[in-house]
Amino acid sequence: MIFFRNVQVRWIPIQGDSNVVIALERPGATADQGVYSDRIELQSVRPQFKWPDVTGHARLARKWGYVQVGGIFRKIAWVDTNAASAFNLSGTAYGWGVNVSSNLNFTKKDVGKFQVVYGAGIENYFNDAPVDIGIKNNFSNPTKPIIGVALPDLGIVAFLDHKWNERFTSSAGYSLVNIDNSNGQLPSAFHQGGYALGNLLFHPTPRVTMGGEFQFGRRVNFTDGFNVNDYRIQVSFRYDWSKGFEY
């Protein structure tokens, strides 16, 4: 899911439960040098971020919940600082994304939480996606035999929160992230991950939460044929401590 606390300057022309927000955010990105990571020619390549990321969203809120549509546009650049090199490895990629999310109050005890995002070069805004830029072969150009490209990505989240009674609650759902890898990445590069869980939580007091959770995870690599499922049971205890100071 999209979850990234970033430094930003924002403008909120419409405020309230339904709102519109436009922001300029601190830029940043990561790159995968792939099969060429041991090449000395890449050691002189440096990232360059001259412009902030532009983000925004519009949210419509009602008694049944809300629907929000967000977007991002960003410029990612890198510079080859070795002027004596036979190659010109400088380049630019543009990242973009559209995110649709919602909380739906099905009943007084059931809340659905959904999110679908698609874009390219926005992996660092994900909670658990890898690099934004991958290397792509460009052998037809002898001075620029490889280029960096923004990797397309898809993220899906669907969860249901259920309140059994005043003491017991549960959450269950599934999430997926899928990356369209570039042909210069290693066969072992991350391609797809899935995550599912279900839990039963006990709230003996308003500030105490305890319970058990079953979790399932799956990873699929780019082209080396590796994929694995993982299962675990997690037991948690949480106490919400708060203290107010008043004059």
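Quick note: structure is the one above.
What counts and what doesn't
- Residues numbered from 1 in each chain as written.
- Predicted model: local features only at pLDDT ≥ 70, side-chain atom pairs only at ≥ 80, totals over all residues.
- Heavy atoms only, no water.
- Pairing = 2+ DSSP bridges.
- Helix = DSSP H or I, 4+ residues; strand = E, 2+ residues; numbered from the N terminus.
- Phe/Tyr/Trp six-rings, centres within 6.5 Å; stacked < 30°, edge-to-face > 60°.
- Buried < 20%, exposed > 50% of the residue type's maximum accessible area, 1.4 Å probe, protein only.
- Lys NZ or Arg CZ within 6 Å of the ring centre and 35° of its normal.
- Core = buried A, V, L, I, M, F, W, Y, C linked by side-chain atoms within 4.5 Å.
- Contact = heavy atoms within 4.5 Å.
- Salt bridge = Lys/Arg side-chain N within 4 Å of Asp/Glu carboxyl O.
- Lys, Arg positive; Asp, Glu negative; His and termini not counted.
- Polar contact = N/O pair within 3.5 Å; in protein donor to acceptor, adjacent residues only side chain to side chain.

### Description of the sheet that holds strand β10 (residues 146-150)
Move 1: Sheet architecture is open: three strands sit in the order β3-β9-β10, paired in mixed fashion. Of all the strands in the sheet, just β3 (31-32) and β10 have a single pairing partner and so form its edges.
Move 2: Alignment of strand β9 (residues 133-137) against β10, held across five bridges, turns out to be antiparallel. Opposite K136, over in β10, you have I147 as the bridge partner.

### Re the pairing of strand β14 (residues 208-221)
Move 1: Relative to β14, strand β13 (residues 190-202) runs antiparallel, the two being bridged by 12 bridges. From the neighbouring strand, G193 faces β14, where its bridge partner is R219.
Move 2: Here β13 folds back onto β14, and the loop between the two strands holds five residues.
Move 3: Across 13 bridges, the pairing between β14 and strand β15 (residues 227-239) is antiparallel. Directly across from F216, in β15, lies its bridge partner Y231.
Move 4: Taking the residues between adjacent antiparallel strands as the criterion, β14 and β15 are bridged by five residues, where G225 takes a positive phi near 80°.

### So, the packing of aromatic side chains
Move 1: Using the criterion set out here, one finds seven aromatic pairs in the structure.
Move 2: Aromatic side chains F106 and F114 sit 6.3 Å apart centroid to centroid with 70° between the ring planes, which places their arrangement in the edge-to-face category.
Move 3: The exposure class of F114 is partly exposed, given its relative accessible area of 32%.
Move 4: Ring pairs connect the aromatic residues F214, F216 and Y231, which therefore count as one cluster.
Move 5: Over the ring of Y66 we find R59; its NZ or CZ atom is 3.8 Å from the centre of that ring.

### Here's the deal with the nonpolar core
Move 1: One finds I72, V117, I122, Y125, F126, A129, V131, L151, V177, I179 and F190 forming the largest nonpolar core, which totals 11 residues.
Move 2: Ignoring sequence-local partners within four residues, the contact set of I72 consists of D53, V54, T55, G95, W96, G97, I122 and Y125.
Move 3: Formed by six residues, the second largest nonpolar core is a distinct cluster that contains I76, W78, A93 and A120.

### Description of the pairing of strand β5 (residues 53-62)
Move 1: Looking at chain direction, strand β2 (residues 19-25) and β5 are connected through seven bridges and run antiparallel. Looking across to β5, one finds that N19 is bridged to R59.
Move 2: Pairing of β5 with strand β6 (residues 65-80) involves nine bridges; the strand directions are antiparallel. Residue A58 lies in a different strand from β6, and its bridge partner there is V69.
Move 3: Adjacent in sequence and paired antiparallel, β5 and β6 are bridged by two residues.

### Topic: the pattern of salt bridges
Move 1: Applying the stated rule across the entire model yields six salt bridges.
Move 2: Of the charged contacts in the structure, one is a salt bridge between D161 and K113, with a shortest N-O distance of 2.9 Å. Note that D161 is positioned in strand β11 (residues 152-163) and K113 in strand β8 (residues 110-120), a separation of 48 residues in sequence.
Move 3: The class for D161 is partly exposed, based on a relative accessible area of 22%.
Move 4: Salt bridges sharing common partners tie together D53, R74 and D132.

### Focus: the environment of V7
Move 1: Looking at the secondary structure, you find V7 in the segment before β1 (8-14).
Move 2: Residues V7 and A86, 79 residues apart in the sequence, show an inter-C-alpha distance of 39 Å.
Move 3: Dropping the residues within four chain positions of it, V7 is found in contact with L24, E25 and R26.

### A look at the side chain of D110
Move 1: With respect to the helices and strands, the residue D110 is situated in strand β8.
Move 2: Buried charged residue D110 carries no salt bridge. Nearest counter-charge: K109, at 8.1 Å.
Move 3: For D110, the side chain forms a polar contact with the side chain of T107, separated by 2.8 Å.
Move 4: Within the structure, D110 has its side chain in polar contact with the side chain of H162 (distance 2.6 Å).
Move 5: For D110, the residues in contact, after removing those within four places along its chain, are L104, N105, L160, D161 and H162.

Interpretation note: all reported values are geometric properties and have no functional meaning in isolation.
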